[in-house]
Amino acid sequence: MRTKRELLYAWLLATLPLSGIPSTVYALLTGGDPLEATRAAADMLLSSESSLIRMLLAATLVHASVSLFWSIVLWLALPRRRTMLWALLASAAIALVDLRVIAPAFFPEVAALAFWPQFADHLMWGACYSVGLSLGRPRATRP
């Protein structure tokens, strides 16, 4: 059984801005808007005419909430061995569910984002999540 400390560490590390690096770098390299995904997340709660501060707060709340949901699912489901591999596979599956099923049905702004940069963000999330699980383990049980 995993500990709540592992869940907390994994969720925090996965939720921090590291998971958005791939799509942000992609946007910067291609001349796109690096805040496009942030706006899409904020649009889940607010109208697109909201101020920058309100947009950032809304996007943070959405990302933290969605991340907590998936963190709990993985905390309950992932095996203790080969956690990085399983977290990456799970985050790829989560990307498909999030981006190909849920977003088109409920969040068109998210569905309109370029798929592969968002997919890469999900993989980064999975990698960060796995590292967080490892850091949350008691020292004697860390790999």
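Residues numbered from 1 in each chain as written. Predicted model: local features only at pLDDT ≥ 70, side-chain atom pairs only at ≥ 80, totals over all residues. Heavy atoms only, no water.

## Brief notes about the overall build of the protein chain
Point 1. In terms of regular secondary structure, the protein chain is built from seven helices and zero strands.
Point 2. When the helices and strands of the protein chain are listed from N to C terminus, the series reads α-α-α-α-α-α-α.
Point 3. For 143 residues, the compact-globule estimate of 2.2 N^0.38 gives 15 Å, and the C-alpha radius of gyration of the protein chain, at 15 Å, lies within 12% of that figure.
Point 4. If one aligns the C-alpha atoms of the protein chain with their principal axes, the spans along those axes are about 50 × 30 × 25 Å.
Point 5. Scored against the burial criterion, the 143 residues of the protein chain give a buried share of 36%.
Point 6. Taking as baseline every contact in the protein chain between residues at least 6 positions apart, the subset at least 24 positions apart corresponds to 71%.
Point 7. Summed over its atoms, the accessible surface of the protein chain is roughly 8,500 Å², and 71% of this surface lies on carbon and sulfur atoms. (Helix = DSSP H or I, 4+ residues; strand = E, 2+ residues; numbered from the N terminus. Rg over C-alpha atoms; globule rule 2.2 N^0.38 Å. Buried < 20%, exposed > 50% of the residue type's maximum accessible area, 1.4 Å probe, protein only. Contact = heavy atoms within 4.5 Å. Areas by Shrake-Rupley, 256 points an atom, 1.4 Å probe, with all protein chains shown as cover.)

## Considerations on helix α4 (residues 52-77)
Point 1. The first and last C-alpha atoms of α4 sit 37 Å apart over 26 residues, in line with the 38 Å expected at 1.5 Å per residue.
Point 2. Those residues of α4 not exposed but buried are M55, A58, A59, V62, A64, S67, W70, S71, L74 and W75. (Expected span 1.5 Å × (residues − 1).)

## Quick word on the environment of L78
Point 1. By the secondary structure assignment, L78 is in the loop between α4 and α5 (83-106).
Point 2. Owing to a relative accessible area of 10%, L78 belongs among the buried residues under this scheme.
Point 3. Residues L78 and I94, spaced 16 residues apart in sequence, show a C-alpha to C-alpha distance of 13 Å.
Point 4. The residues contacting L78, other than those within four sequence positions of it, are R2, T83, W86, A87, A90, Y129 and L133.

## Looking at unusual backbone geometry
Point 1. Although it is not a glycine, R82 sits at a positive phi angle of roughly 55 degrees.
Point 2. Judged by its relative accessible area of 65%, R82 falls in the exposed class.

## With respect to the pattern of salt bridges
Proximity of charged atoms lets side chains of opposite charge pair with each other.
Point 1. Applying the stated rule across the entire model yields four salt bridges.
Point 2. The shortest N-O distance in the salt bridge between E6 and R2 comes to 3.4 Å.
Point 3. Here R2 falls in the buried class, since its relative accessible area comes to 7%.
Point 4. With a closest N to O distance of 2.3 Å, D33 and R39 form a salt bridge. (Salt bridge = Lys/Arg side-chain N within 4 Å of Asp/Glu carboxyl O.)

## A look at a nonpolar patch on the surface
Point 1. A surface patch of nonpolar side chains, amounting to about 470 Å² of accessible area, comprises L8, Y9, L12, M84, V131 and L135.
Point 2. Per element, the largest residue contribution to the nonpolar patch is three residues, and it comes from helix α1 (residues 4-15).
Point 3. With respect to the helices, strands and loops of the structure, L135 is situated in helix α7 (residues 115-136). (Patch = residues over 30% accessible without salt bridge, like charges linked within 9 Å, V, L, I, M, F, W, Y side chains within 5 Å.)

## Points about the nonpolar core
Point 1. In this structure, L74, W75, L78, I94, W125, Y129 and L133 are the most contacted members of the largest nonpolar core, which totals 13 residues.
Point 2. Only α1, α4, α5 and α7 provide two or more residues apiece to this core.
Point 3. Of all hydrophobic cores here, the second largest spans nine residues; its members include A40, A95, V110 and L113. (Core = buried A, V, L, I, M, F, W, Y, C linked by side-chain atoms within 4.5 Å.)

## So, the side chain of S91
Point 1. Considering the arrangement of structural elements, one finds S91 in helix α5.
Point 2. Reaching out from S91, the side chain makes a polar contact with the backbone oxygen of H122 at a distance of 3.4 Å.
Point 3. Setting aside anything within four residues of it in sequence, one finds S91 in contact with H122, L123, W125 and G126. (Polar contact = N/O pair within 3.5 Å; in protein donor to acceptor, adjacent residues only side chain to side chain.)

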